[in-house]
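This is what each chain is made of:
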Amino acid sequence: MTSQFSYTLLPHEETGVPSKVMKDLLAGETFLESIATAPYHVASFELHAQAQKHYSLETREIVVNALRNQNFNLSSSEADSLESFRNGALTITTGHQLMVCGGTVFFEAKILGAVALAKASSRELGIDVVPVFWMATEDHDFEEISSFSLGEYTFTWEHPEAKGPVGELPTDSLADQLETWLDQVPLNEAQKKLIQPRLQAYRECKNLAAATRQWVRQWAEGLGLLVLDGHDRSLKSHAAPLWSEEMDGTYSKLIHSQTQDLVAHGYKAQVHPREINLFDLRDKDRKRFELADKECPDYFISPNALMRPLYQEFLLPNLAYVGGGGELAYWLQLGEAFKHLGRPMPLLYLRDSLLLKSTKLARALEKIEMPLAAVLTQSSEDAKRHIINQDHSLQAEGEALQQPLVSAVDQWNTALQAAYPELKQHAEALRVKMMNLAQRTAETRYRAQKRRHEELMAAIDAAYSAVYPEGKFWERKASYVDLVGSLGADPRNEIVENMSTIKAGTWVLSSEK
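Since the model is a prediction, treat every value here as computed from it, not as a measurement.

Considerations on unusual backbone geometry
A positive phi angle is found at Asp283, which is not glycine, with a value near 65°. Topologically, Asp283 is positioned in the loop between β7 (278–280) and β8 (287–288).

Rendered as structure tokens:
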């Protein structure tokens, strides 16, 4: 296909995006390999495809029925995926909270990444693989899902009475507030085309879960994506043994043990396990189980962040789970729990990231003659030092100014110790103080040099503010509506086409080819 835009991949292994635990996971051959397999290799996918051969036919049929009951009026691509799944296809899954209008760019990026990875793994393995989006309808953190930004404008859904699972919140007030806000915000035609179906879903549907399902399906039409809500009577009932064992603390003990092992090897606990890692959804709320309650109906039992992956993998034959670094870090706490469950842990696939190379960013990079990868791997202050140190005349100046002082201090130190050997320690201490003073002078000169290089320093600031607006990586601040507005069209299909490889990284998009 002919591309409207330019795409450049900066592999995760070559950038500063992943954390230490993610770098070790991607590299393999560390302690983490005893828990999870390095994901960016075809051989890893082949291994996990074999591990899914024991996936229950009964479970497959229950999930097929749940998908059919949850998704009315299947599109042709959805119907094809559901039929493939019914006939034995494996899955690639990603999941997310029900962010208003998607929230930030990585909501859509995760979905597109799962679709692309399903295509790539299907091609490489010669088997059917379908993408699944797991809706986190039971999450109860309303503040995290209630906002999204469009350029300098930010929308926040005001709902003071919000409590319990966000998926059950009615969306009539959201539709009213969003419509009023959109009337005051400048949108181009591409943005209007993207956002109007989302507003329509909030207007038409009874709650946030139904509305999110509607607009995600509409936006992803043609990609073969299946949308699954784990808050389902048939699915929760099928997972009854999982809930019962956790009420006894079985999985909690295993998670705690694995977490301690990770900490002992220098990693941190992403999520601290509780004695019972389940919530109670009765009374239209979501409260922790402090004590076991085996009389609670399955439908009203909700897994926390540590139990949700076990529930998900109990239900789905996943080759891989596509997630961010924070998500995948807590999956690593579940190695022993998966062994007890009798289900394979999927490949933990650090998702692709998206970054818009705006005209502002392109000009700044050109001025400072710095590759974008360098912005991702060093701080702005380090970049400024690098620019200044490239000026050899300044380096020579520094050496010329420093040398007489260093020579004088050395001569004085030698003379003092020759005359008074017993003052050697005193002389050395004074020498250290003088050298520290010389270093302070060097720092003062550095600040003066920064002022002399004002234009270059401003260009560095511009580059870093474009990549890290308000100190956050671009895709964690901007919305997908922002991306579409900047490009003038939805790059959905092109992103999937470009991402359809086993490797992942930061995809840099630009409208300038």
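Some points on the packing of aromatic side chains
Applying the stated rule across the entire model yields 15 aromatic pairs. Seen from their ring centres, Tyr299 and Phe300 are 5.4 Å apart, and the 75° between their planes marks the pair as edge-to-face. Classification of Phe300 by relative accessible area gives partly exposed; the value is 28%. On the numbers, 5.9 Å between centres and 50° between planes, the contact of Tyr468 with Phe473 is tilted.

Quick word on the side chain of Thr171
Along the chain, Thr171 falls in the loop between β5 (153–156) and α7 (172–182). At 3.3 Å, the side chain of Thr171 forms a polar contact with the backbone oxygen of Cys205. Beyond its immediate stretch of four places on either side in the chain, Thr171 contacts Tyr202, Cys205, Lys206, Asn207, Leu208 and Ala211.

Thoughts on a nonpolar patch on the surface
A cluster of nonpolar side chains, namely Leu405, Met434 and Leu437, defines an oily patch on the protein surface of about 220 Å² accessible area. With respect to the helices and strands, the residue Leu437 is situated in helix α20 (residues 424–452).

Cut-offs used in this document
Residues numbered from 1 in each chain as written. Predicted model: local features only at pLDDT ≥ 70, side-chain atom pairs only at ≥ 80, totals over all residues. Heavy atoms only, no water. Helix = DSSP H or I, 4+ residues; strand = E, 2+ residues; numbered from the N terminus. Phe/Tyr/Trp six-rings, centres within 6.5 Å; stacked < 30°, edge-to-face > 60°. Buried < 20%, exposed > 50% of the residue type's maximum accessible area, 1.4 Å probe, protein only. Polar contact = N/O pair within 3.5 Å; in protein donor to acceptor, adjacent residues only side chain to side chain. Contact = heavy atoms within 4.5 Å. Patch = residues over 30% accessible without salt bridge, like charges linked within 9 Å, V, L, I, M, F, W, Y side chains within 5 Å. Areas by Shrake-Rupley, 256 points an atom, 1.4 Å probe, with all protein chains shown as cover. Salt bridge = Lys/Arg side-chain N within 4 Å of Asp/Glu carboxyl O.

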